[in-house]
Amino acid sequence: MKATGIVRRIDDLGRIVIPKEIRRTLRIREGDPLEIFTDKEGEVILKKYSPIGELSEFANQFADSINKTSGHIACISDRDAIIAVSGASRKEFAEKTLSQDLERIMEEKTTLVVKSPDDKPVQILSDDGGEKKYTSQVISPIISEGDTIGSVIILSTDPGVSMGEVEAKLAQSAAGVLGKQMEQ
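This section reports on the structure supplied with the text.

**Remarks on the sheet that holds strand β5 (residues 112-114)**
Two orientations exist for strands paired in a sheet by backbone hydrogen bonds: parallel and antiparallel.
Right, so step 1: Taken in spatial order, the five strands line up as β4-β3-β7-β6-β5 in an open sheet, and their pairing is antiparallel. Taken across any chain shown, the strands that pair with only one partner, and hence form the sheet edges, are β4 (82-86) and β5. Taken pair by pair, the neighbouring strands of this sheet meet at an average axis angle of 15°, ignoring direction.
Right, so step 2: As judged from the three bridges shared by β5 and strand β6 (residues 136-144), these two strands associate in the antiparallel manner. Opposite L112, over in β6, you have I139 as the bridge partner.
Right, so step 3: Seen against the sheet, helix α4 (residues 100-108) touches β3 (73-77), β5, β6 and β7 (147-156) and runs at an angle of roughly 120° to β7.
Right, so step 4: Of the strands in this sheet, β3, β5, β6 and β7 are in contact with helix α5 (residues 165-183), which crosses β6 at around 25°.

As structure tokens, this is what we get:
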């Protein structure tokens, strides 16, 4: 565990403020759920809760199905990171932080289709170094109970491939099923 040197007191209602610097670093926003753990030494551990992370096995199977159906790279993310990938190296995507552009698209709650490199593909991961290696892509937000909880992403690196309505409908369908699954 990494020490920050920041000390906070518990108020009379049992609350503690997580410093802004830590919230910004960990991308914790107002209203985000946190899991609370304790260990044998009496430490209290707060972990950002990912509702879609609970469905990681289901998400992996879904990503595999999308990849086999479309022949493209398929990723499923929560609001912060890729949790499932098929058709590409897990090492390249899994547990990597999403770019701010992708987060913005998810918050808009609309499906984005980038048909070719001329349409300016969106940077998927924050640590891609600005390299936009995907020539076409579809991004569809996963919405559960009115809130965006993640996204379904279909990618291609082949300049000869153009994403269209079929890929958009596939991503939207997958996002709809995952959203409904979270509501149950």
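**Focus on the layout of surface pockets**
Right, so step 1: When its volume is computed, the largest pocket comes out at roughly 760 Å³.
Right, so step 2: Lining the largest pocket we find 22 residues, and of these I18, I22, V44, I45 and L46 sit closest to its centre.
Right, so step 3: Elements with a minimum of two residues in the lining of the largest pocket: α1 (20-26) and β2 (44-48).
Right, so step 4: In terms of residue count, the dominant contributor to the lining of the largest pocket is β2 (five residues).
Right, so step 5: Residues belonging to the lining of the largest pocket are distributed by class as follows: 16 nonpolar, two polar and four charged.

**Things to note about unusual backbone geometry**
Right, so step 1: With a phi close to 60°, K109 is a non-glycine residue in the positive phi region.
Right, so step 2: In this fold, K109 is placed in the loop between α4 and β5.
Right, so step 3: Of note, K120 is a non-glycine position whose phi angle comes to about 60°, a positive value.
Right, so step 4: Here K120 lies in the loop between β5 and β6.
Right, so step 5: Accessibility expressed as a relative area gives 66% for K120, which makes it exposed.

**Remarks on α4**
Right, so step 1: All buried positions along α4 are accounted for by L102, E103, I105 and M106. The buried side chains of α4 occupy one side of the element, clustering within an arc of 160° when seen end-on.
Right, so step 2: Elements that come into contact with the buried residues of α4 comprise β3, β5, β6 and β7.

What counts and what doesn't
Residues numbered from 1 in each chain as written. Predicted model: local features only at pLDDT ≥ 70, side-chain atom pairs only at ≥ 80, totals over all residues. Heavy atoms only, no water. Pairing = 2+ DSSP bridges. Helix = DSSP H or I, 4+ residues; strand = E, 2+ residues; numbered from the N terminus. Axes fitted to C-alpha atoms, helices over the stretch in contact; angles between N-to-C directions. Contact = heavy atoms within 4.5 Å. 1 Å grid on protein atoms, 1.4 Å probe; cavity = no way out; pocket = protein on both sides within 12 Å on 5 of 7 lines; lining within 4 Å. Points joined across faces, edges and corners; volume = space filled by probe spheres on them. Nonpolar A, V, L, I, M, F, W, Y, C, P; charged D, E, K, R; others polar. Buried < 20%, exposed > 50% of the residue type's maximum accessible area, 1.4 Å probe, protein only. Arc of directions from axis to C-beta.

Interpretation in functional terms is not warranted from these geometric data alone.
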